[in-house]
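Residues per chain are reported as follows:
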Amino acid sequence: MLNFQQGLDFALKQDKKDALSSYRNQFHIPKDKDGNDGIYMVGNSLGLQPKNAQTYIDEVLTDWATLGVEGHFLAKNPWATYHELLGKQMAQVVGAKPIEVVVMNSLTANLHFMMASFYQPTKTRYKILIEADAFPSDKYAVESQLQHHGFDAKEGLVLWKPRKGEDLPNYEDLETILESRGNEIAVILIGAVNYYTGQYFDLKRITELGHKHGCMVGFDCAHGAGNVNLNLHDSGADFAAWCTYKYLNSGPGSIAGCFVHERHAYNKKLNRFTGWWSHNKETRFKMRDDFDQLPGAEGWQLSNPPILAMATIRASLEIFEEVGMAKLIEKSKQLTAYLEFLLNELATDAITIITPNNPEERGCQLSIQVKNADKSVFNKLTDLGVMADWREPNVMRFAPVPLYNSFQDVFNLVERLKLVLNH
Ligand SMILES: *Cc1c(COP(=O)(O)O)cnc(C)c1O
């Protein structure tokens, strides 16, 4: 790790040395009220727009205007196979094989489709385990799955909670739960990187634990995809889903990603919902054949996908492909460690970092608890040109994103935080 120093000079020097610094120019950076680049720390919520997004959307619009329906096969990037390139690039980002990944639907919808296949409750094994601080949508989805199968949502939900007085759940407690009740649990669904604390879980460890007790294991990678090395294939997880509008910069509500482990790729006996897009590509357009299951994650698609929305994902994934996750994470670790260093140098007991301090157990986000705070602290930061995120009752989340945030951004953030905390 770098030997960090205080002062703006250090930040500027780091930016000069940063091999990825030019990528910032490939994104639109929202301005503050004085017309300068704002300090954008919410790439964990909505990633910034790659400038190429416009180009690729225009390309689809032009092909549609000039070719009409023929665009399915004659467009510059034919619509019939448009998602296939994205699937391959996306597989690189999440550490999976191409057959394991597809871009489709939205995140919560994908979680439901995954549970349609992998949540097969019996009378005795029907519970679903999630982390206590799971993202609300995941909790609601899981509760409705329980109810859909005729179980009581409260009773069927098993929570992996932090110990009293602690912020993060620990693995020994997960082991204890599984040892005592593992045979009642059908599915484990964990946020790979917890949205609130920024804790990056050990996917492989959780998967092995779950499988040892006969559970299916899936991950919501909304805060992991494009942020950490997920290594989904090696983790052994049965399934995963993520959105593309956070670290993957594909625009508000854009299409999501989905992973199904290779071991399930050719299993035609799995329950699932299907449509013409889950049917064998060779005969799909003959429209007369009996259903013929497409292998791999693509076999979970239902509909022909929205190409306009995929155009922005294409713009984004192209950048990820060029940079590669390894380089991205190398910078990410430095940038976040620098933020941690500056926060610790504040030497105030007004803030506590609740994100793990081990770089292997987090991505770029740091979550900060502010003592006796109300939202006014956060509002003052906003007035100073910082775009960050406030979670009730007292947590601020900052995500310096390695693709477009600079060391100077991090320096400026902490300077403003100092002002707000009256330091
Ligand atoms: C952002 C996020 C969601 C949002 O779900 P959508 O279906 O995309 O609206 C769900 N779960 C987690 C863990 C998230 O971080």
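Structural data are supplied above this passage.
Computed from a prediction, not measured in an experiment: that's the story for all the values here.

Draft legend 1. Expanded view of the packing of helix α8 (residues 171–181) against helix α9 (residues 203–212). Orientation of α8 relative to α9, taken along the N-to-C sense of each, is 15°, at an axis distance of 10 Å. If you check the angle between α8 and α9, you find them roughly parallel. The interaxial crossing formed by α8 with α9 has right-handed handedness. Note on element contacts: α9 touches α8 through Arg205, Ile206, Leu209, Gly210 and Lys212, opposite Tyr171, Leu174, Glu175, Leu178 and Glu179. Residue composition of the contact of α8 with α9, grouped by class: 5 nonpolar, 1 polar and 4 charged.

Draft legend 2. Representation of the sheet that holds strand β5 (residues 185–191) in the model. If you trace the 7 strands from one edge of the open sheet to the other, you get β2-β8-β7-β6-β5-β3-β4, paired in mixed fashion. The open sheet has two edge strands, β2 (101–104) and β4 (157–160), and neither has a second partner. Strand-to-strand twist across the sheet, computed as the mean angle between neighbouring axes with direction ignored, equals 20°. Taken together, the 3 bridges between strand β3 (residues 127–131) and β5 define a ladder with parallel strand orientation. Looking at β5, one finds that Ile128 is bridged to Val187. Contacts between α8 and the sheet are confined to β3, β4 and β5, with β4 contributing the most and set at about 150° to the helix.

Draft legend 3. Structural view of the side chain of His83. Secondary-structure assignment places His83 in helix α4 (residues 82–94). Engagement of the side chain of His83 in a polar contact is seen with the side chain of Gln301, the distance being 3.5 Å. The residues contacting His83, other than those within four sequence positions of it, are Val102, Trp277, Glu298, Gln301, Pro305 and Met310.

Draft legend 4. Structural detail: empty space enclosed by the protein. This model, assessed by the stated rule, comprises 1 cavity of 30 Å³ or more. Each pocket or cavity is described by its volume, and for the largest cavity that value is around 50 Å³. Together, Gly226, Asn227, Tyr247, Asn249, Phe320, Leu328, Val401, Pro402 and Leu403 line the largest cavity. Grouping the constituent residues of the lining of the largest cavity by class yields 6 nonpolar, 3 polar and no charged. Inspection of the lining of the largest cavity shows a minimum of three residues originating in each of domain 1 (8–44 + 326–421) and domain 2 (58–321).

Draft legend 5. Region of interest: the environment of Lys97. Structurally, Lys97 is set in the loop between α4 and β2. Judged by its relative accessible area of 34%, Lys97 is partly exposed. Setting aside chain neighbours within four positions, we find Lys97 in contact with Ala91, His233 and Glu262.

Draft legend 6. Geometry of the pairing of β3. Among the 5 residues that make up β3, 5 are buried, leaving the element largely enclosed by the rest of the structure. Every second residue of β3 is oriented toward a common face, with Lys127, Leu129 and Glu131 on one face and Ile128 and Ile130 on the other, all of them buried. Both β3 and β4 contribute to a ladder of 4 bridges, which runs parallel. Opposite Ile130, over in β4, you have Leu159 as the bridge partner.

Draft legend 7. Just the site of the ligand, in detail. Neighbouring the ligand are the residues Leu107, Thr108, Phe135, Asp138, Asp220, Ala222, His223, Tyr245 and Lys246. Measuring from an oxygen atom of the ligand, one finds a side-chain N or O atom of His223 at 3.1 Å. At 2.5 Å from an oxygen atom of the ligand is found a side-chain nitrogen or oxygen belonging to Lys246. Computed on the free molecule, the ligand has an accessible area of 390 Å², of which 83% lies beneath the protein chains in the complex. A breakdown of the residues in the shell around the ligand according to their chemical character gives 4 nonpolar, 2 polar and 3 charged.

Draft legend 8. Main features of the pattern of salt bridges. For the structure on display, the rule yields 21 salt bridges. We note a salt bridge from Arg163 to Asp173, for which the minimum N-O separation is 2.8 Å. In this pair, Arg163 is assigned in the loop between β4 and α8 and Asp173 in helix α8, connecting sequence segments 10 residues apart. Taking the relative accessible area as the measure of exposure, Arg163 reaches 37% and is therefore partly exposed. Asp173 sits in the buried class, given a relative accessible area of 18%. Here the salt bridges do not stand alone but share partners, grouping Arg24, Lys31, Asp37 and Asp409 into one network.

About the thresholds
- Residues numbered from 1 in each chain as written.
- Predicted model: local features only at pLDDT ≥ 70, side-chain atom pairs only at ≥ 80, totals over all residues.
- Heavy atoms only, no water.
- Axes fitted to C-alpha atoms, helices over the stretch in contact; angles between N-to-C directions.
- Helix = DSSP H or I, 4+ residues; strand = E, 2+ residues; numbered from the N terminus.
- Parallel < 35°, antiparallel > 145°, perpendicular 65-115°, else oblique.
- Left-handed = near helix turned anticlockwise from the far one by under 90°.
- Contact = heavy atoms within 4.5 Å.
- Nonpolar A, V, L, I, M, F, W, Y, C, P; charged D, E, K, R; others polar.
- Pairing = 2+ DSSP bridges.
- Polar contact = N/O pair within 3.5 Å; in protein donor to acceptor, adjacent residues only side chain to side chain.
- 1 Å grid on protein atoms, 1.4 Å probe; cavity = no way out; pocket = protein on both sides within 12 Å on 5 of 7 lines; lining within 4 Å.
- Points joined across faces, edges and corners; volume = space filled by probe spheres on them.
- Domains from an automatic or database assignment.
- Buried < 20%, exposed > 50% of the residue type's maximum accessible area, 1.4 Å probe, protein only.
- Near = heavy atom within 4 Å.
- Areas by Shrake-Rupley, 256 points an atom, 1.4 Å probe, with all protein chains shown as cover.
- Salt bridge = Lys/Arg side-chain N within 4 Å of Asp/Glu carboxyl O.

These figures come from the coordinates and say nothing about function on their own.
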